[in-house]
Amino acid sequence: MTPKHPIDSLTILTDLVLPGETNPLNNLFGGELLARMDRAASIAARRHSRRIVVTASVNHVAFNRSIPLGSVVTIEAKISRAFTTSMEIYLDVWIEDRESGIRAKANEAIYTFVAVDETGNPVSVPVLEPQTEEEKLRFDAALRRKQLSLVLAGKMSAHDATELKALFM
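Presented here is a report on the structure given in the accompanying data block. (Residues numbered from 1 in each chain as written. Predicted model: local features only at pLDDT ≥ 70, side-chain atom pairs only at ≥ 80, totals over all residues. Heavy atoms only, no water.)

**Digging into the packing of aromatic side chains**
Here the structure, examined in full by the defined rule, presents zero aromatic pairs. In this structure, Arg 81 packs its charged tip against the face of Phe 139, placed 3.9 Å from the ring centre. (Phe/Tyr/Trp six-rings, centres within 6.5 Å; stacked < 30°, edge-to-face > 60°. Lys NZ or Arg CZ within 6 Å of the ring centre and 35° of its normal.)

**A look at the nonpolar core**
Core analysis: the largest hydrophobic core is formed by 29 residues, its most contacted members being Met 37, Ile 67, Ile 75, Met 87, Ile 89 and Leu 91. Mapped onto this core, the elements with two or more residues apiece are helix H1 (30–49), strand S4 (72–82), strand S5 (86–96) and strand S6 (103–116). Setting aside its immediate chain neighbours within four residues, Ile 75 contacts Thr 11, Ile 12, Leu 13, Leu 33, Arg 36, Met 37, Ala 40, Leu 91, Asp 92 and Val 93. (Core = buried A, V, L, I, M, F, W, Y, C linked by side-chain atoms within 4.5 Å. Buried < 20%, exposed > 50% of the residue type's maximum accessible area, 1.4 Å probe, protein only. Helix = DSSP H or I, 4+ residues; strand = E, 2+ residues; numbered from the N terminus. Contact = heavy atoms within 4.5 Å.)

**Here's the deal with H1**
When the terminal C-alpha atoms of H1 are compared, their 28 Å separation across 20 residues agrees well with the 28 Å that a helix rising 1.5 Å per residue should span. Restricting attention to buried positions, one finds in H1 the residues Leu 33, Arg 36, Met 37, Ala 40, Ala 41, Ala 44, Ala 45, His 48 and Ser 49. (Expected span 1.5 Å × (residues − 1).)

**As for the sheet that holds strand S3 (residues 52–63)**
Here five strands make up an open sheet; going across it, the order is S2-S4-S5-S6-S3 and the pairing antiparallel. With one partner strand each, in any of the chains shown, strand S2 (11–16) and S3 form the two edges of the open sheet. Strand-to-strand, the axes of this sheet are offset by a mean angle of 25 degrees, without reference to chain direction. In the sheet, S4 pairs with S5 via 10 bridges, with the strands oriented antiparallel. When the bridges of S5 are listed, Ala 77 appears paired with Leu 91. Taken strand by strand, H1 contacts S2, S3, S4, S5 and S6, and its axis lies near 45 degrees from that of S4. (Pairing = 2+ DSSP bridges. Axes fitted to C-alpha atoms, helices over the stretch in contact; angles between N-to-C directions.)

**Quick word on the side chain of Arg 36**
Looking at the secondary structure, you find Arg 36 in helix H1. Owing to a relative accessible area of 4%, Arg 36 belongs among the buried residues under this scheme. Within polar-contact distance, the side chain of Arg 36 engages the backbone oxygen of Leu 16 at 3.4 Å. Polar contacts involving the side chain of Arg 36 include one to the side chain of Glu 21, which spans 2.8 Å. Residues within four places of Arg 36 in sequence aside, it is in contact with Leu 13, Asp 15, Leu 16, Val 17, Glu 21, Leu 28, Val 73 and Ile 75. (Polar contact = N/O pair within 3.5 Å; in protein donor to acceptor, adjacent residues only side chain to side chain.)

No statement about biological role is implied by the geometric values presented.
What follows is the structure in structure tokens.
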């Protein structure tokens, strides 16, 4: 049996937006933000699984707010659910106003990572036990997102997607 872990893999990366990382509007390139989020998610997944991890998918990205040159960007990555060998990581991106110091949520994303052994074969990860209300909501929603992804990929019958069907019944 795989041991259970509370959600303790919170990873926080804070960095500054520099001129070489911006587009012609002096905002952070989207690809640069994706790379930063991938690194934060990777660290969170590694902390939870204590294994080598690889990015399996970028399930969702919302670029809700541009991130201007000189901004302090903080990415919070947290495992929302662990499955057999994969983990869903929810990321919240915050920006800090240069003058007031006020933080505002700018973007969010959901990544999936798989734990692997030294030869690249998937290995089991610890089960996750959500503690807070937000963790419980994200934990429950992760199963629906996984089932939707499997149905869309043709790897699961819509009939077997019990969590998705429950939304419509």
